[in-house]
Amino acid sequence: MNYDEFFELVRRRRTIRKFKPDPVPDEYITNIIKASRYAMSGGNSQPWEFMVVKDPKTRGKIFKAFVEDFDMMYYLELQRTPQYRHPAFNVPPEEKDKARDMLSGWKDAPALIIVLEDPRKMFGSVLCARSDFDTCSLSVLGVTMGHLGMTLHLAAASLGLGSQHVDVLTQDAYRRILKYPEPLRLSVIVPVGYSAYKAGPPRRLPFKSQVHYEEYDMSKYMCNEDFLEYLDKIRALGRPGYRAAIGEAKIA
Ligand SMILES: Cc1cc2nc3c(=O)[nH]c(=O)nc-3n(C[C@H](O)[C@H](O)[C@H](O)COP(=O)(O)O)c2cc1C
């Protein structure tokens, strides 16, 4: 693969927020997982495990647990003034269902890859490497799971499939449904399937605004007072994807 092909694949991978119910060959799911396992990990600790869920009943239960998570996210996000809320939450309480729908397009996806993480395996890396001394956070684990995620999503894109990173806030309901033991945790739900809309090229801030050569260019530095302008910009970039999930955008 040359750079142009690689670049094309990287740009083809998009977060898909509404799926067709059409089934995906089992072999594709296996191949996505197979490739994702080659992601880098701290100390080669490989703290991940995967569950493949296709049964509509189980998918339904997982979706229901997610909707309860959503409720918490919605009310926490209400702390922001509407203009600056995450695009999926920029609706008043009387339109809360619309916000939920913007995050629910994955309920039709024919397969879920449930990625589990085992926090014990973080200690397979150098003790304290990249962990946050103040909070003792599990950052080696988080960074490692991020590497896994991108590899997994790229593999899906290479097969012409859409995928989404669905965050969860709580564990109990998912643990009850999927029966994974402590101390494993659900890291992310990745619905996989065919996109129900046309995903355009990814939207990013300008290259020049993010790159410095030799020394930091202070003319590109974001002052505190520029923060709301920045937030406005990224909200505009993110909005079409969520609108596509409720059929309000044909291209996102
Ligand atoms: C750590 C992380 C968490 C994310 N959580 C969600 C999520 O819960 N739901 C969702 O639809 N997208 C989620 N995303 C996807 C981002 O919104 C998306 O990557 C971003 O808007 C850029 O769009 P693109 O992936 O299409 O290029 C998440 C991405 C990351 C890296």
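Please refer to the structure placed before this passage.
Conventions and cut-offs
Residues numbered from 1 in each chain as written. Predicted model: local features only at pLDDT ≥ 70, side-chain atom pairs only at ≥ 80, totals over all residues. Heavy atoms only, no water. Salt bridge = Lys/Arg side-chain N within 4 Å of Asp/Glu carboxyl O. Helix = DSSP H or I, 4+ residues; strand = E, 2+ residues; numbered from the N terminus. Buried < 20%, exposed > 50% of the residue type's maximum accessible area, 1.4 Å probe, protein only. Axes fitted to C-alpha atoms, helices over the stretch in contact; angles between N-to-C directions. Left-handed = near helix turned anticlockwise from the far one by under 90°. Contact = heavy atoms within 4.5 Å. Nonpolar A, V, L, I, M, F, W, Y, C, P; charged D, E, K, R; others polar. Near = heavy atom within 4 Å. Polar contact = N/O pair within 3.5 Å; in protein donor to acceptor, adjacent residues only side chain to side chain. Areas by Shrake-Rupley, 256 points an atom, 1.4 Å probe, with all protein chains shown as cover. Phe/Tyr/Trp six-rings, centres within 6.5 Å; stacked < 30°, edge-to-face > 60°. Parallel < 35°, antiparallel > 145°, perpendicular 65-115°, else oblique. Pairing = 2+ DSSP bridges.

Caption draft 1: Looking closely at the pattern of salt bridges. Scanning the model with the defined rule gives 13 salt bridges in all. Notably, a salt bridge pairs Arg-100 with Asp-97, separated by 3.6 Å at the nearest N-O pair. Highlighted residues: Arg-100 and Asp-97, both in helix 4 (residues 96-102), separated by three residues, approximately one helical turn. A residue is classified by how much of its surface remains accessible, and Asp-97, at 48% relative accessible area, is partly exposed. Between Asp-101 and Arg-100 there is a salt bridge; the shortest N-O distance is 3.2 Å.

Caption draft 2: Molecular detail of the packing of helix 2 (residues 26-36) against helix 5 (residues 139-158). Running from amino to carboxyl end, helix 2 crosses helix 5 at an angle of 145°, the nearest separation of the two axes being 8 Å. By crossing handedness, the relation of helix 2 to helix 5 is classed as right-handed. Each of Ile-32, Ala-35 and Ser-36 in helix 2 lies in contact with helix 5, whose residues at this interface are Leu-148, Thr-151, Leu-152, Ala-155 and Ala-156. Of the residues in the contact of helix 2 with helix 5, the class split is six nonpolar, two polar and no charged.

Caption draft 3: Highlighting the side chain of Thr-144. Residue position: Thr-144 is located in helix 5. Those residues in contact with Thr-144, other than ones at most four positions away along the chain, are Met-40, Ser-41, Gly-42, Pro-47 and Trp-48.

Caption draft 4: Looking closely at the site of the ligand. Taken together, Arg-13, Arg-14, Thr-15, Arg-17, Gln-164, His-165, Val-166, Asp-167, Pro-202, Arg-204 and Tyr-242 form the complete shell of residues around the ligand. Contact between the ligand and Arg-13: an oxygen atom at 3.0 Å from a side-chain N or O atom of the residue. Here the ligand loses 63% of its free accessible area of 620 Å² to cover by the protein chains. Per-class residue counts for the shell around the ligand are three nonpolar, three polar and five charged.

Caption draft 5: Geometry of the packing of aromatic side chains. Within the structure shown, the criterion is met by nine aromatic pairs. Centroid distance Tyr-3 to Phe-7: 5.6 Å. Interplanar angle 20°. Geometry classified as stacked. Of this pair, Tyr-3 and Phe-7 both sit in helix 1 (residues 3-12), four residues apart, which is roughly one turn of that helix. A residue is classified by how much of its surface remains accessible, and Tyr-3, at 54% relative accessible area, is exposed. Judged by relative accessible area, Phe-7 falls into the partly exposed class, the value being 40%. On the basis of an interplanar angle of 10° and a centroid distance of 5.9 Å, the ring pair of Phe-70 and Phe-89 is categorised as stacked.

Caption draft 6: Seen up close, the environment of Ile-189. Its place among the elements puts Ile-189 in strand 4 (residues 185-193). Relative accessible area serves as the criterion here: at 0%, Ile-189 is assigned to the buried category. Taking C-alpha positions, Ile-189 is 7.6 Å from Val-168, a pair spaced 21 residues apart along the chain. When sequence neighbours within four positions are dropped, the list of residues in contact with Ile-189 reads Ile-62, Trp-106, Leu-112, Ile-113, Ile-114, Gln-164, His-165, Val-166, Val-168 and Tyr-174.

Caption draft 7: Structural detail: the packing of helix 1 against helix 5. Where helix 1 meets helix 5, the axes come as close as 9 Å, and the angle between the chain directions of the two elements is 100°. Looking at the two axes, helix 1 sits roughly perpendicular to helix 5. Contacts from Leu-9, Val-10 and Arg-12 in helix 1 reach Leu-154, Ala-157 and Ser-158 in helix 5. Here the residues of the contact of helix 1 with helix 5 sort into four nonpolar, one polar and one charged.

Caption draft 8: A look at unusual backbone geometry. Omega for the peptide link from Glu-182 to Pro-183 comes to 0°, which places this bond in the cis form. As for its position among the elements, Pro-183 is in the loop between helix 6 (172-178) and strand 4. For Gln-46, which is not glycine, the phi dihedral falls at a positive 45°. Taking relative accessible area as the criterion, Gln-46 reaches 32% and is therefore assigned partly exposed. Notably, Lys-179 is not glycine yet its phi reads approximately 65°, a positive angle. The exposure class assigned to Lys-179 is exposed, which follows from its relative accessible area of 69%.

Caption draft 9: Representation of the pairing of strand 4 within the structure. The buried count for strand 4 comes to eight of nine residues, which makes it a mostly enclosed element. Pairing of strand 2 (residues 111-117) with strand 4, which is carried by seven bridges, proceeds in the antiparallel orientation. Paired with Ala-111 across the two strands is Val-192, which belongs to strand 4. In the sheet, strand 3 (residues 162-163) pairs with strand 4 via two bridges, with the strands oriented antiparallel. Its bridge partner being in strand 4, Ser-163 is matched across the sheet by Val-192.

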